[in-house]
Amino acid sequence: MSTQEAARLPRADEPVEEIYYRKGDIDFCFLLNRRHHNLRVFDYRVGNYQQKRDFFDRIARAEGLRKVFTVVEKQDSKSWRSVGFSREGAIPGYFRTADAYIMSRVYTEDGEPIQGGAPKLNAPTAGSNAKEKSVTKPRGLVVETITDMARLEAVIQEFGDDSAYAPFRRGVFNPDIGVVSQLGKAEYWVGAETDSSFGHAKVDMITRPNKEADIPVLEFTLKVLMEDLSRMETASVFAVCPADCALSNQIYSELGFKVTARLTDHLTREDEFVGAQIWHRRINPANAGRAAALG
């Protein structure tokens with residue numbers, strides 16, 4: 001990969017890096033996430049799928065990646081499948097009113113693509129509740145909404161590894177809005193990466209629940225964040241949650257989220273690859289129309 005082909009070359013000391021690639025009629029951007037050993041692709045032009053796949057295979061071998069994935073509309077997902085990518089699920093309403101499909105390619109420890117596509121994620125997790133749980137504010141809880149980027153970046157640096165945080169968008173590798181709750185000396189953080197053009201946001205429990213007593217605090221904190229997002233004309237939210245975090249999955253379930261995708265070997269904790277579930281919820285469907293009109 002020459003400097004003419006890539007706007008920015010990888011640096012081994014950066015856990016997440018945004019790289020642009022343009023050559024001929026191929027034009028895309030990707031997030032190289034060394035912490036989680038995966039690569040998130042933003043493809044700007046249809047076509048040349050086999051050439052793109054071969055390019056990603058080379059990067060996977062060079063960087064020791066376990067996974068390459070992209071988020072595309074339905075009609076484009078068939079083309080990615082034809083060159084060895086697997087559909088691992090969807091994010092409803094991701095492109096304003098159109099669903100997004102997550103297409104993935106998983107590799108062995110030797111950097112070879114797994115034949116037959118990504119293995120299915122089979123992990124015991126909380127089911128989706130038909131009715132949202134009624135959430136009340138715990139006594140003594142102090143809640144604050146945070147938009148200061150330096151503070152949010154510092155929180156990710158402090159808690160991101162433990163919560164398996166992974167940025168999903170381009171540009172900024174941490175939430176742009178967060179809510180912190182304080183109960184006694186304990187702090188609980190949640191955050192969101194917002195996309196006003198598409199009217200959606202990815203939410204994260206930056207502070208992972210470790211015991212049952214953490215559940216009502218984080219449920220209320222996440223509820224406050226979703227109320228903030230709704231006022232920002234966000235139509236829906238989704239979360240990428242490690243499949244083995246039972247309490248986190250329980251919280252999303254009780255708040256009315258539903259599982260729409262199961263992602264194999266999507267995250268890394270210490271030296272192990274961990275699957276993830278995507279939980280999705282609409283918070284104000286009317287905002288989807290507003291986002292479409294603005295776009």
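Located above this text is the structure these notes cover.
This report concerns the structure included in the present document. Computed from a predicted model, the values in this text were never measured in an experiment.

**Regarding the side chain of Asp-76**
Within the element layout of this structure, Asp-76 appears in helix α2 (residues 74–82). For the buried residue Asp-76, which engages in no salt bridge, the nearest side chain bearing the opposite charge is Lys-52, 6.6 Å off.

**Quick look at the pattern of salt bridges**
Between side chains of opposite charge, a pair can form as their charged atoms come close. Overall, the coordinates contain 20 salt bridges when judged by the stated rule. Across the pair Asp-57 and Arg-105 runs a salt bridge whose closest N-O atoms are separated by 2.9 Å. Taken as a pair, Asp-57 in helix α1 (residues 49–63) and Arg-105 in strand β6 (residues 98–106) lie far apart in primary sequence, 48 residues in all. Residue Asp-57 is classed as buried on the basis of its relative accessible area of 7%.

**So, the pairing of strand β13 (residues 272–282)**
For β13, the buried fraction is high: eight of the eleven residues fall into the buried class. Relative to β13, strand β11 (residues 236–242) runs antiparallel, the two sharing seven bridges. Bridged to Val-237 within β13 is Arg-281. Pairing between strand β12 (residues 258–269) and β13: eight bridges, direction antiparallel. Note that in β13 the partner of Arg-262 across the bridge is Gln-277. The loop that links β12 with its antiparallel partner β13 comprises two residues; one of these, Glu-270, has a positive phi angle of about 55 degrees.

**With respect to the pairing of strand β8 (residues 177–183)**
The element β8 is largely enclosed, with a buried count of five among its seven residues. Bridge count between strand β7 (residues 142–146) and β8: five bridges; the pairing is antiparallel. Bridged to Val-143 within β8 is Ser-181. Two successive antiparallel strands, β8 and strand β9 (residues 186–195), enclose a turn made up of two residues, where Gly-184 displays a positive phi of approximately 65 degrees.

**Focus on α2**
For α2, the set of buried residues is Asp-76, Ser-77 and Trp-80. When α2 is viewed along its axis, its buried side chains cluster within an angular range of 110 degrees and face the same direction. Opposite the buried face of α2, at more than 90 degrees from it, the exposed residues are Gln-75, Lys-78 and Ser-82. Buried positions along α2 lie against β3 (38–43), α1, β4 (67–72) and β6. In the stretch just after α2, Gly-84 is the one whose phi turns positive, near 100 degrees.

**Considering helix α4 (residues 214–231)**
A rise of 1.5 Å per residue sets the reference length of α4, with its 18 residues, at 26 Å; its end C-alpha atoms lie 26 Å apart and thus fit the reference within 8%. Here α4 lies mainly inside the structure; 13 of its 18 residues are buried. Just past α4, the residue Glu-233 takes up positive phi, approximately 65 degrees.

Procedures and definitions
- Residues numbered from 1 in each chain as written.
- Predicted model: local features only at pLDDT ≥ 70, side-chain atom pairs only at ≥ 80, totals over all residues.
- Heavy atoms only, no water.
- Helix = DSSP H or I, 4+ residues; strand = E, 2+ residues; numbered from the N terminus.
- Buried < 20%, exposed > 50% of the residue type's maximum accessible area, 1.4 Å probe, protein only.
- Lys, Arg positive; Asp, Glu negative; His and termini not counted.
- Salt bridge = Lys/Arg side-chain N within 4 Å of Asp/Glu carboxyl O.
- Pairing = 2+ DSSP bridges.
- Arc of directions from axis to C-beta.
- Contact = heavy atoms within 4.5 Å.
- Expected span 1.5 Å × (residues − 1).

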